[in-house]
Amino acid sequence: MEIVLAVAIGVLAGSGVWLVLRPRTYQVIMGLALLSYAVNLFIFSMGRLGLAVGKEPVLAEGVPKDLLHYADPMPQALVLTAIVIGFAMTALFLVVLLASRGMSGTDHVDGSNSRDVQEMP
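Residues numbered from 1 in each chain as written. Predicted model: local features only at pLDDT ≥ 70, side-chain atom pairs only at ≥ 80, totals over all residues. Heavy atoms only, no water.

### Regarding the overall build of the protein chain
The helix and strand tally for the protein chain stands at three helices and zero strands. For the protein chain, the succession of helices and strands along the chain, N to C, is α-α-α. Residues counted as buried form 21% of the 121 residues belonging to the protein chain. A sequence separation of at least 24 residues applies to 47% of the contacts in the protein chain between residues at least 6 apart. Counting only carbon and sulfur atoms, one obtains 71% of the accessible surface of the protein chain, whose full area is about 8,900 Å². (Helix = DSSP H or I, 4+ residues; strand = E, 2+ residues; numbered from the N terminus. Buried < 20%, exposed > 50% of the residue type's maximum accessible area, 1.4 Å probe, protein only. Contact = heavy atoms within 4.5 Å. Areas by Shrake-Rupley, 256 points an atom, 1.4 Å probe, with all protein chains shown as cover.)

### Considering the pattern of salt bridges
Tallied over the full model, the rule gives one salt bridge. Here Arg 24 makes a salt bridge to Asp 107, at a shortest N to O gap of 2.9 Å. In this pair, Arg 24 is assigned in the loop between α1 (2-20) and α2 (25-46) and Asp 107 in the segment after α3 (73-104), connecting sequence segments 83 residues apart. The class of Asp 107 is buried, set by a relative accessible area of 16%. (Salt bridge = Lys/Arg side-chain N within 4 Å of Asp/Glu carboxyl O.)

### Some thoughts on the packing of α2 against α3
As a packed pair, α2 and α3 sit with axes 10 Å apart at the nearest point and diverge in direction by 175 degrees. Comparing the axis directions of α2 and α3 gives the class roughly antiparallel. Contacts between α2 and α3 involve Thr 25, Tyr 26, Ile 29, Leu 32, Ala 33, Asn 40, Ile 43 and Phe 44 from the former and Pro 75, Gln 76, Leu 78, Val 79, Ala 82, Ile 83, Thr 90, Phe 93, Leu 94 and Leu 97 from the latter. Taken together, the residues of the contact of α2 with α3 sort by class into 14 nonpolar, four polar and no charged. (Axes fitted to C-alpha atoms, helices over the stretch in contact; angles between N-to-C directions. Parallel < 35°, antiparallel > 145°, perpendicular 65-115°, else oblique. Nonpolar A, V, L, I, M, F, W, Y, C, P; charged D, E, K, R; others polar.)

### Description of the side chain of Thr 25
Tracing the chain through its elements places Thr 25 in helix α2. Take Thr 25: its relative accessible area is 19%, and that puts it in the buried class. Setting aside residues up to four positions removed in sequence, Thr 25 forms contacts with Leu 97, Asp 107, His 108 and Val 109.

### A closer look at α1
With 19 residues, α1 extends 27 Å between its outermost C-alpha atoms, agreeing within 8% with the 27 Å of an ideal straight helix rising 1.5 Å per residue. Buried within α1 we find Leu 5, Ile 9, Gly 16 and Leu 19. With its buried residues spanning 105 degrees around the axis, α1 presents them on a single face. Opposite the packed face of α1, turned more than 90 degrees from it, sit the exposed residues Ile 3, Val 4 and Trp 18. Structurally, α1 contributes buried residues whose contacts are with α2. (Expected span 1.5 Å × (residues − 1). Arc of directions from axis to C-beta.)

### Things to note about α3
Under the 1.5 Å per step criterion, the end-to-end length of α3 is 46 Å for 32 residues, consistent within 8% with the ideal 46 Å. Those residues of α3 not exposed but buried are Pro 75, Val 79, Gly 86, Thr 90 and Leu 97. Among the structural elements, α2 are those in contact with the buried residues of α3. Positive phi appears at Gly 105, one or two residues downstream of α3, with a value of about 85 degrees.

The structure is reproduced here in structure tokens:
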């Protein structure tokens, strides 16, 4: 299970970095979203007992009240908060993208299309 999670985090992070380096703003936004998903998976997997199977999420009858028998709720709370913040950030970036494209007429990161740039003599 750990190798599958590590490969998934690596693929998401690599794809996110590749998309962030692209010249179009929509690709940059999707790259940032993929990077945030990779970080969320990393935070969740690095939490103590985050991937534990058979651990109780909340207090239960007949189970000792120590941390060895329960899942750690902190990584889950951090990831849930990061998902909500990431969704709001992506929505804001998409609105800014649409406004920028409407004002400049292009969706390139630097504001110019490669066909519009003329070489200096």
